[in-house]
Amino acid sequence: MTINRSDERQPGAHDRATAPASSLPSPLFRFQQGDFDVTVLSDGFIWIPDDILLSDGSAEQRASILPRLDARDGMVRPKTNIPLIRKGEDVVLIDIGAGHLYQPSDGMLADNLKRAEIDPSTVTKVVFSHAHPDHIWATLDEHGSLRYPNAEYYIGAAEWEFWMDPDYLTKMPPALHEFARGARRDLEAVKQCLVMLKAGDDVVTGLRALDTPGHTPGHLSFELAGGDGLLIAVDVANNEVVSFEHPDWRFGYDTIPELGVRTRRRLLDRAANERTKLLGYHWGYPGLGFAERHGEAFHFSPAI
Ligand SMILES: [Zn+2]
C-alpha cells in the first residue's frame with residue numbers, strides 16, 4: 001500500500017474561528033429523485049492546507065486555481081454536504097459529520113436537522129461511506145450516547161477491516177493514529193447494529209453501494225435509482241475545481257493516492273458518459289452537479 005507522506009500535514013483540531021451562523025445553508029436544498037426524497041444538510045465546513053489539494057500542480061497552476069477556491073491563509077475550506085434520503089418508512093443519512101470533535105467549524109448537522117424538523121430518533125439507517133473524522137465522528141454525543149439511537153448502521157466490509165486491523169498502528173504513520181482511535185471508538189459503539197456492505201448491496205431498494213477505493217481502502221460511493229439517477233460520490237472527487245479539472249493529481253488525504261486517481265477517473269468518466277448527476281460531500285453547498293468532458297479532464301457544471 002502506498003502511503004502519502006504529506007500526512008504530516010494531516011489536520012487535527014485547531015484554533016480557527018467557528019463558522020458564523022450565516023455560513024449555514026439556507027434554505028435547505030430538497031429534491032425528489034425517483035421514489036427518493038433527498039434533503040442536503042450541512043455539517044459546516046473544514047479547513048485543509050492547500051498543499052493537500054494542489055501538491056501535484058506547478059506554481060503557475062496553483063496561482064491560477066487558488067483564487068477560484070474558497071481559500072485563505074494557505075488553507076482551503078471544503079464544505080460538508082450530507083444527504084438525508086427518505087423512502088417509505090426509511091430515513092437514511094449518508095455520513096453524519098464530525099460533531100465538533102474534529103475542527104471547530106464542523107458539527108453543524110445537529111442544528112440543521114432541527115431546522116429541517118427531523119428528530120434524530122427517527123433516522124432508521126446511518127451509512128458510513130468511510131471512517132474519516134469528518135464523516136463519522138458525530139456517532140456519539142457529548143454524553144457518550146448514540147445520536148441516532150434507533151438506526152441500523154452500515155459500512156463497507158473492507159473499511160471495517162482497514163480500521164480494525166490489529167497492525168494498523170504499526171503500518172500507518174503516527175499522524176494517522178488519532179483517526180484510527182476515533183474510527184474504532186465509533187465503530188465499536190455501533191457494532192451491535194452494524195451491517196457490512198459490499199459493492200452492489202442495496203441499503204434500501206434502489207440505494208446501492210459502489211466500490212470506490214483509494215481515498216480509504218474501503219471507501220464506498222452510492223447510486224440512487226430513479227429519475228435520471230444520482231451518484232453520491234462522497235470523497236472520490238474532493239474538490240469541484242481541482243478533482244474535475246486535474247483528476248490525475250493525487251489528493252494528499254487519500255490513503256492510496258494512485259488508486260484514488262483511478263477511481264476518480266472511473267467515476268467521473270461514467271458520470272460524464274451517462275450524464276448522471278453527482279453529489280459531492282465537500283463541494284459548494286448543495287454539492288450537486290454534472291461532470292462535463294473537457295479535453296482529457298472534466299469541468300464541474302452545477303445542477304442548480
Ligand atoms: Zn471527507
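Residues numbered from 1 in each chain as written. Predicted model: local features only at pLDDT ≥ 70, side-chain atom pairs only at ≥ 80, totals over all residues. Heavy atoms only, no water.

Trainee: Just give me the short version of the packing of aromatic side chains, but keep the residues and values in it.
Mentor: The full count for this structure, using the stated rule, is 13 aromatic pairs. Residues Phe45 and Trp47 carry aromatic rings whose centres are separated by 5.7 Å and whose planes lie at 65 degrees to one another, so their mutual orientation is edge-to-face. We classify Trp47 as buried; its relative accessible area is 4%. Just above the ring of Phe45 sits the side chain of Arg77; from NZ or CZ to the centre is 4.8 Å. Between Arg185 and the ring centre of Trp137, over which it is positioned, the NZ or CZ distance is 5.2 Å. (Phe/Tyr/Trp six-rings, centres within 6.5 Å; stacked < 30°, edge-to-face > 60°. Buried < 20%, exposed > 50% of the residue type's maximum accessible area, 1.4 Å probe, protein only. Lys NZ or Arg CZ within 6 Å of the ring centre and 35° of its normal.)

Trainee: Let's hear about helix α5 (residues 157–164): which residues, and what values?
Mentor: Taken together, the buried positions of α5 are occupied by Glu159, Trp160, Phe162, Trp163 and Met164. Where α5 is buried, its residues contact β9 (152–156), α6 (168–171), α7 (177–189) and β10 (194–197). (Helix = DSSP H or I, 4+ residues; strand = E, 2+ residues; numbered from the N terminus. Contact = heavy atoms within 4.5 Å.)

Trainee: A description of the UniProt feature "domain: Metallo-beta-lactamase" (unreviewed entry) in the protein chain should follow, citing residues and the corresponding values.
Mentor: In the numbering adopted here, UniProt assigns the feature "domain: Metallo-beta-lactamase" (unreviewed entry) to residues 79–282. When the span residues 79–282 is considered, its composition is 28% helix and 24% strand, and the gap between its end C-alpha atoms is 5 Å. (UniProt positions renumbered as here; feature names shortened; annotations may be inferred.)

Trainee: For the coordination of the zinc ion, give the residues involved together with the corresponding values.
Mentor: Bound to the zinc ion are the protein donor atoms Asp134 (OD), His135 (NE2), Asp235 (OD) and His282 (NE2), situated 2.1 to 2.3 Å from the metal. Spacing between the donor residues of the zinc ion along the chain follows D-H-x99-D-x46-H. For the residue pair Asp134 and His135, the accessibility class agrees, reading buried in each case. (Donors = N, O, S within 2.8 Å, 3.2 Å for Na, K, Ca; no water.)

Trainee: Help me get a handle on the pairing of strand β7 (residues 90–94), residues and values and all.
Mentor: Counting buried positions along β7 yields 5 of 5 residues, so the element is predominantly enclosed. Along β7, one buried face is formed by Asp90, Val92 and Ile94 and the opposite face, lined by Val91 and Leu93, is buried too. Looking at chain direction, strand β6 (residues 79–87) and β7 are connected through 4 bridges and run antiparallel. Note that in β7 the partner of Ile85 across the bridge is Val92. (Pairing = 2+ DSSP bridges.)

Trainee: Summarise the sheet that holds strand β15 (residues 277–280); cite the residues concerned and give the values.
Mentor: Spatially, the 7 strands line up as an open sheet ordered β11-β12-β13-β14-β15-β16-β17, and their pairing is mixed. Lying at the two open borders of the sheet, with one neighbouring strand each, are β11 (202–204) and β17 (297–302). Averaged over all neighbouring strand pairs, the angle between strand axes comes to 35 degrees, with direction disregarded. As judged from the 5 bridges shared by strand β12 (residues 207–211) and strand β13 (residues 220–224), these two strands associate in the antiparallel manner. Following the sheet pairing, Arg208 is matched in β13 by Glu223. (Axes fitted to C-alpha atoms, helices over the stretch in contact; angles between N-to-C directions.)

Trainee: Kindly report on the nonpolar core, identifying the contributing residues and their values.
Mentor: A general tendency of soluble globular proteins is for nonpolar side chains to be buried together. If you look at the biggest cluster of nonpolar residues, it comprises 72 residues, and the most contacted ones within it are Ile85, Phe128, Tyr148, Trp163, Leu187, Leu207 and Phe222. Residues contacting Trp163, with those up to four places away along its chain left out, are Ala131, His132, Tyr168, Phe179, Ala180, Ala183, Arg184, Leu187 and Thr216. Grouped together as the second largest cluster of nonpolar side chains are 15 residues, Leu210, Val236, Phe298 and Phe300 included. (Core = buried A, V, L, I, M, F, W, Y, C linked by side-chain atoms within 4.5 Å.)

Trainee: Quick rundown of the packing of α5 against α7? Include the residues and the values.
Mentor: The geometry of α5 relative to α7 is characterised by a closest axis approach of 9 Å and an angle of 125 degrees between their N-to-C directions. Relative to α7, α5 is oriented oblique. The two elements α5 and α7 cross, and the hand of that crossing is left-handed. From α5, Trp160, Trp163 and Met164 reach across to α7, where they touch Phe179, Ala180, Ala183, Arg184, Leu187 and Glu188. The class makeup of the residues in the contact of α5 with α7 is 7 nonpolar, no polar and 2 charged. (Parallel < 35°, antiparallel > 145°, perpendicular 65-115°, else oblique. Left-handed = near helix turned anticlockwise from the far one by under 90°. Nonpolar A, V, L, I, M, F, W, Y, C, P; charged D, E, K, R; others polar.)

Trainee: Describe the sheet that holds β6, with residues and values.
Mentor: The 7 strands are arranged β1-β2-β6-β7-β8-β9-β10 in an open sheet whose pairing can be described as mixed. Unpaired on one side and paired on the other, β1 (29–33) and β10 mark the two borders of the sheet. Mean inter-strand twist for the sheet, computed between neighbouring axes without regard to direction, equals 25 degrees. The pairing of β9 with β10 spans 4 bridges and is classified as parallel. From the neighbouring strand, Tyr154 faces β10, where its bridge partner is Val195. Across the sheet, α5 is in contact with β9 and β10; its angle to β9 comes to roughly 80 degrees.

Trainee: Tell me about the environment of Asp37, and name the residues and values.
Mentor: Looking at where Asp37 falls in the secondary structure, it is placed in strand β2 (residues 36–45). Expressed as a C-alpha distance, the spacing of Asp37 and Gly289, which sit 252 residues apart in the sequence, is 17 Å. If sequence neighbours within four positions are ignored, Asp37 has contacts with Arg30, Phe31, Gln32, Leu84, Ile85 and Arg86. Among the polar contacts listed, one links the side chain of Asp37 to the side chain of Arg30, at a separation of 2.8 Å. (Polar contact = N/O pair within 3.5 Å; in protein donor to acceptor, adjacent residues only side chain to side chain.)

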